[in-house]
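Chains, contacts and geometry: an overview
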Amino acid sequence: MKKDAAAIAELGVILREGGLAAIPTETVYGLAANAFMPGAVAKIFAAKGRPQDNPLIVHISEPDELDALCASAGEDAHALARAFWPGPLTIVLKKSGAVPDVVTAGMDTVAVRLPAHPVARAIIKAAGVPLAAPSANMSGSPSPTEAAHVLADLFGKIDAVVDGGACAVGVESTVVSLAQRPYRLLRPGGVTLLQLQAVLGEVTVDKAVYRSLAGDERPAAPGMKYRHYAPSAPLVAVIGNGTRSADYILQAAAGKTAAVLCFDEYLPLFEKEYKTLSYGPERDGEKQARRLFSALRELDAAKPALIFAQCPGDEGIFLAVSNRLKKAAGFDVVSV
Ligand code: TXA
Ligand code: MG
């Protein structure tokens, strides 16, 4: 423990002085840099190959650090913070002058999150500054939920990787914007739409959550326009009751070098014929979220010509899972 404390203190100095480190959070691993140092933040974009127009989330370790980052947080932001921080929720607000333009990709809003992972909080505290951190993957590939995923993508490009084990939530934080009326869910995650509505009243869902945007549509969260979370093999997301989606996949995959991502109950139908991974029971969205990204990485490593995935519906936590799968599929979705 003492050794850990010394290592965290040392990492805090590295980050404060402009280094890049991958750190565990409860959602996915983040690639962190001093949010107040534009040169350090620029290195994040370079290491990930991230498009310059995609803003970063700023991570803090105590709720009272929010006020310095935004123009005026307001009662609803504080209510959200009380209800869900520390935890998998990112709040978008009008930014203050303290946040460099490179962090927000020139937008006049800033995204802020207070992670629940004790190691993440300890590292932010040790740095003594807020940390800008996107997911610690190469841009476009599935987000990392284990330290090994970070190394596979970024080894040699960053100063340190902290291994905090497998991430408990497994998909990125819920992003809600309070910078527009009505308030808008920009990215579904561990905090559900219903939970947000219980605190805020009306919250709408951005259309980029459900479908791909046309060329002339501007996404509210720039990150939502990129094909994302995606293995290199094309993926088909099959939505519907598990019995029906399994039937569909059995027929569509016949004779192909396909891989299959299925619910636990359907594993025996596929595993003899195809490279198959299950990612949780059909009715357990939490488990599906936890296993989704590592399963996509593992299936992709088998180099199939095509991946079929059983995809849940859009209620509650399932929305986070279905959104990531649809995006991995480039919205190539079959409803059965
Ligand atoms: O769980 C998470 O949020 C992880 C961990 C590391 O905290 N971070 C993460 O960051 O997923 P990233 O960069 O992969 O995703 C951030 C998303 C992107 O879709 C981005 O466009 C959006 O948040 N975003 C950031 N700032 C924004 C802003 N000011 N307005 C709207 N969307 C914003
Ligand atoms: Mg990301």
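Please read these numbers as outputs of a predicted model, since none were measured by experiment.

About the thresholds
Residues numbered from 1 in each chain as written. Chains lettered and ligands numbered in written order. Predicted model: local features only at pLDDT ≥ 70, side-chain atom pairs only at ≥ 80, totals over all residues. Heavy atoms only, no water. Helix = DSSP H or I, 4+ residues; strand = E, 2+ residues; numbered from the N terminus. Buried < 20%, exposed > 50% of the residue type's maximum accessible area, 1.4 Å probe, protein only. Contact = heavy atoms within 4.5 Å. Areas by Shrake-Rupley, 256 points an atom, 1.4 Å probe, with all protein chains shown as cover. Lys, Arg positive; Asp, Glu negative; His and termini not counted. Charge placed at Lys NZ, Arg CZ, Asp CG, Glu CD. Salt bridge = Lys/Arg side-chain N within 4 Å of Asp/Glu carboxyl O. Core = buried A, V, L, I, M, F, W, Y, C linked by side-chain atoms within 4.5 Å. Near = heavy atom within 4 Å. Polar contact = N/O pair within 3.5 Å; in protein donor to acceptor, adjacent residues only side chain to side chain. Nonpolar A, V, L, I, M, F, W, Y, C, P; charged D, E, K, R; others polar. Pairing = 2+ DSSP bridges. Axes fitted to C-alpha atoms, helices over the stretch in contact; angles between N-to-C directions. Parallel < 35°, antiparallel > 145°, perpendicular 65-115°, else oblique. Left-handed = near helix turned anticlockwise from the far one by under 90°.

This paragraph deals with the overall build of the chain. Secondary structure assignment for the chain yields 12 helices and 15 strands. C-alpha extents for the chain along the principal axes are approximately 55 × 45 × 40 Å. Looking at the chain as a whole, 55% of its 336 residues qualify as buried. A separation of at least 24 residues holds for 65% of the contacts in the chain among residues at least 6 apart in sequence. For the chain, the accessible surface area stands at approximately 13,500 Å², while carbon and sulfur atoms represent 54% of it. Positive and negative side-chain charges of the chain, numbering 34 and 35 respectively, have mean locations separated by a distance of 2 Å.

Let us now look at the pattern of salt bridges. Summed over all chains, the structure comprises 15 salt bridges. When the shortest N-O distance is used, the salt bridge between Glu 217 and Arg 211 registers 3.2 Å. On the accessibility criterion, Arg 211 (36% relative accessible area) is partly exposed. A single network of salt bridges, built from pairs that share partners, joins Glu 62, Arg 121 and Lys 125.

What follows concerns unusual backbone geometry. A cis geometry characterises the amide bond from Trp 85 onward to Pro 86, with omega recorded as -5 degrees. On the secondary structure map, Pro 86 appears in the loop between helix H4 (74-84) and strand S4 (89-94). A cis amide bond, omega -10 degrees, links Arg 181 with the succeeding residue Pro 182. Residue placement: Pro 182 occurs in the loop between strand S8 (174-177) and strand S9 (183-187). Phi is positive for Ala 105, which is not a glycine, with a value near 55 degrees. Along the chain, Ala 105 falls in the loop between helix H5 (101-104) and strand S5 (109-113). Since its relative accessible area comes to 25%, Ala 105 is described here as partly exposed. Even without being glycine, Phe 331 reaches a positive phi, approximately 60 degrees.

By size, the foremost hydrophobic cluster in this structure holds 56 residues, and its most contacted members are Leu 66, Leu 80, Trp 85, Leu 89, Leu 178 and Leu 196. Examining the composition of this core, we find that five residues originate from one element, helix H2 (residues 38-48), more than from any other. Leaving out residues up to four positions away in the same chain, Trp 85 has contacts with Ile 60, Pro 63, Leu 66, Leu 80, Ile 91, Val 112, Arg 113 and Leu 114. Among the nonpolar cores identified, the runner-up in size contains 42 residues, and Val 238, Ile 239, Ile 307 and Ala 309 belong to it.

Turning our eyes to something else, we now look at the site of ligand 1. Taken together, 26 residues surround ligand 1, and among them Thr 27, Asn 54, His 59, Ser 173 and Gly 223 come closest. One nitrogen or oxygen atom from the side chain of Arg 113 is found 3.0 Å from an oxygen atom belonging to ligand 1. Between Arg 187 and ligand 1, the recorded distance is 2.9 Å, taken from a side-chain N or O atom to an oxygen atom. Relative to its unbound accessible surface of 680 Å², ligand 1 loses 97% to contact with the protein. Of all elements in the fold, only strand S3 (57-59), S5 and S9 reach the threshold of two or more residues within the shell around ligand 1. Grouping the amino acids of the shell around ligand 1 by side-chain chemistry returns 14 nonpolar, eight polar and four charged.

A few words on the environment of Ala 133. Note on placement: Ala 133 falls in the loop between strand S6 (131-132) and helix H7 (147-154). What makes Ala 133 buried here is its relative accessible area of 7%. As a C-alpha pair, Ala 133 and Ala 33 span 100 residues in sequence and 6.6 Å in three-dimensional space. Residues contacting Ala 133, with those up to four places away along its chain left out, are Gly 30, Leu 31, Ala 32, Ile 57 and His 59.

The next point concerns the sheet that holds S6. Judged by pairing direction, the sheet is mixed, and its 10 strands sit side by side in the order S7-S1-S2-S6-S3-S5-S4-S8-S9-S10 without closing on themselves. Single-partner strands in this sheet number two, and they are strand S7 (160-161) and strand S10 (203-205). Bridge count between S8 and S9: three bridges; the pairing is antiparallel. Bridge pairing in S9 places Ser 177 opposite Arg 184. The strands touched by H4 within the sheet are S4, S8 and S9, with S4 carrying the most contacts at an inclination of about 165 degrees.

Here the focus is the packing of helix H11 (residues 285-301) against helix H12 (residues 318-328). It is at 8 Å that the axes of H11 and H12 come closest, and there the two elements cross at 25 degrees. Between H11 and H12, the angle is such that the two are roughly parallel. Here the hand of the crossing between H11 and H12 comes out left-handed. Between H11 and H12, the residues in contact are Gly 285, Gln 288, Ala 289, Leu 292, Phe 293 and Leu 296 and Phe 318, Val 321, Arg 324, Leu 325 and Ala 328, respectively.

Next up on the list: the packing of H4 against helix H8 (residues 193-200). Across the interface, H4 lies against H8 with an axial gap of 10 Å and an inter-helix angle of 130 degrees. With respect to H8, the axis of H4 lies oblique. In this structure, H4 crosses over H8, and the sense of that crossing is right-handed. Contacts between H4 and H8 involve Asp 76, Ala 79, Leu 80, Ala 83 and Phe 84 on the former and, on the latter, Gln 195, Leu 196, Val 199 and Leu 200.

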